[in-house]
Amino acid sequence: MPIRINSRIEGDINGTDERQAWQDEHLSEETLAVLDQDSKLFLHQSMSTPCLNAIVSAEGIYIEDVDGRRVMDFHGNSVHQVGYKNEHVMNAIIKQMQQLPFLPRRYTSQVAIDLAQKLTELAPGDLNKVLFAPGGTSAIGIALKLARRATGKHKTISTWDSFHGASLDAISVGGEAVFRSGIGPLMTGTEHMMPYNSYRSIFGEGETAAAKNLDYLSYMLEREVDVCAVMLEPIRSTDVQIPSVAYMQRLRQICDDYGVLLILDEIPTALGRTGKMFVHEHYDIVPDIVVIGKGFGGGIFPMAGIVAREHLDIAGDISLGHYTHEKSAVGCAAALATIEYIEKENLLDHAQSMEQWLLFHLGELQKKYAVIGDVRVKGMLAAIELVSDRETKEKEVTGAEKVLYECLSRGLSFKVSSGNVITLVPPLITSITQMEEAILILDQSLEQVFTKGKQINNS
């Protein structure tokens with residue numbers, strides 16, 4: 001069965017000839033035996049099982065596989081802002097486990113209160129109410145339920161190509177075929193609009209295209225009068241789409257004009273990734289609900305939650321979450337320590353300075369390689385979009401996958417989004433020296449695939 005391009009929106013997939021070729025060349029018999037065991041025991045699914053490789057350790061910005069290969073991990077499932085095996089986070093977890101390893105649901109603890117207080121202090125405006133969850137998908141569900149209850153309406157508008165989690169409600173508001181295909185009827189009332197795209201929008205280019213996108217949202221809201229919320233990522237983490245301030249402020253105004261809530265999914269991007277603790281701080285807006293997760297638990301403990309505006313505390317008679325591990329004492333300790341580390345080490349400032357560094361050096365690569373059609377950077381989140389022709393912007397899918405495996409061979413891991421976008425998500429602790437090494441690996445791999453590789457093929 002041919003592989004559809006839309007199956008690659010979230011990331012590189014695990015059923016291609018390129019992946020098999022890389023494994024055949026680089027993995028030992030010992031590793032292949034481990035992968036075979038994994039494949040026999042776990043249900044197969046796209047982008048996961050069968051797995052790429054088997055790792056034995058993760059520390060700082062590095063992962064190490066069974067064969068002793070150390071790789072800079074600029075993927076990390078967006079959980080490793082403070083690096084793997086962060087000592088400050090681990091010590092906080094150990095201390096909490098020794099004191100209170102589990103918090104029964106009907107009780108509270110000072111560590112949970114301290115975390116909630118910290119979040120409300122960090123969040124702008126009247127984002128003063130918090131609810132935790134054991135994972136980002138669960139937090140999305142809480143946000144959807146709260147929006148329905150607060151407005152008395154049930155429909156949502158989200159964007160195609162978006163990812164908000166893997167449960168049935170989350171894939172209903174999400175817009176990726178790799179999660180939705182062949183599932184059958186999804187949750188009703190989940191309408192979709194075109195996502196913001198600065199490089200290949202069907203509405204054209206620049207701010208005119210962005211304005212048309214929001215014009216269409218207004219058009220939808222005039223006809224769908226029972227919409228409770230608009231949900232989207234303020235900056236999409238997969239292919240790194242970065243709306244302008246004007247776009248996001250008009251989006252906020254449209255939601256206000258039509259009486260719908262604005263839910264921002266910052267699960268993969270909050271907590272410093274873009275140089276701010278929350279992404280919406282870049283836009284000087286206050287969402288009604290912001291959803292966080294992934295790196296919230298310091299890359300160790302599953303932890304997520306929502307921060308909502310104070311007037312939305314209106315559902316005391318129902319259970320919005322009530323998950324067994326909702327108000328986890330250990331998770332709260334991990335999250336507090338993560339925030340403390342980000343602040344103590346000035347990682348927000350570091351991410352802001354690295355944005356300029358990345359823009360310059362990735363821009364130099366764009367000058368060198370015609371295959372790079374666009375570069376997009378915000379903080380320490382970067383996208384390099386590969387095209388076979390800069391005029392037509394045709395996606396360079398085959399070459400992007402080849403570059404991934406060339407980089408893995410040289411010691412750099414990332415994911416390929418939308419089939420042709422190299423997405424770099426380095427830990428916030430990554431130094432300039434380490435970034436220089438990563439860019440060198442990327443440069444060498446681009447040269448191998450698009451210069452030397454062509455010479456070999458033509459000879």
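Here, the structure is the one placed above.
Quick look at the structure, then. (Residues numbered from 1 in each chain as written. Predicted model: local features only at pLDDT ≥ 70, side-chain atom pairs only at ≥ 80, totals over all residues. Heavy atoms only, no water.)

1. Quick notes on unusual backbone geometry
In step 1: The amide bond that connects threonine 49 to the next residue, proline 50, takes the cis arrangement and shows omega of 0°.
In step 2: Along the polypeptide, proline 50 turns up in the loop between α2 (29-41) and β1 (55-59).
In step 3: Positive phi, close to 60°, is recorded for serine 78, a residue that is not glycine.
In step 4: Among the structural elements, serine 78 can be located in the loop between β3 (70-73) and α3 (87-99). (Helix = DSSP H or I, 4+ residues; strand = E, 2+ residues; numbered from the N terminus.)

2. Topic: empty space enclosed by the protein
In step 1: In the structure shown here, the tally under the stated rule is four cavities of 30 Å³ or more.
In step 2: Computed from the structure, the largest cavity encloses a volume of approximately 120 Å³.
In step 3: Lining the largest cavity are 13 residues, with Thr159, Tyr196, Leu232, Glu233 and Arg236 positioned closest to its centre.
In step 4: Tallied by class, residues from the lining of the largest cavity come to eight nonpolar, three polar and two charged. (1 Å grid on protein atoms, 1.4 Å probe; cavity = no way out; pocket = protein on both sides within 12 Å on 5 of 7 lines; lining within 4 Å. Points joined across faces, edges and corners; volume = space filled by probe spheres on them. Nonpolar A, V, L, I, M, F, W, Y, C, P; charged D, E, K, R; others polar.)

3. Some remarks on the packing of aromatic side chains
In step 1: Enumeration according to the criterion identifies five aromatic pairs in this entry.
In step 2: Ring geometry for tryptophan 22 against tyrosine 405: centres 6.1 Å apart, planes inclined by 35°, an arrangement best described as tilted. Placement of tryptophan 22 in helix α1 (residues 17-26) and of tyrosine 405 in helix α12 (residues 397-410) is noted, with a sequence separation of 383 residues between them.
In step 3: According to the relative accessible area criterion, tryptophan 22 is buried, its value standing at 5%.
In step 4: Residue tyrosine 405 is classed as buried on the basis of its relative accessible area of 4%.
In step 5: Here phenylalanine 163 and phenylalanine 179 contribute two aromatic rings whose centre-to-centre distance is 4.9 Å and whose plane-to-plane angle is 35°, an arrangement assigned as tilted. Pair noted here: phenylalanine 163 is in the loop between β5 (155-159) and α6 (168-173) and phenylalanine 179 is in helix α7 (residues 177-180), with a separation of 16 residues, a long-range link. (Phe/Tyr/Trp six-rings, centres within 6.5 Å; stacked < 30°, edge-to-face > 60°. Buried < 20%, exposed > 50% of the residue type's maximum accessible area, 1.4 Å probe, protein only.)

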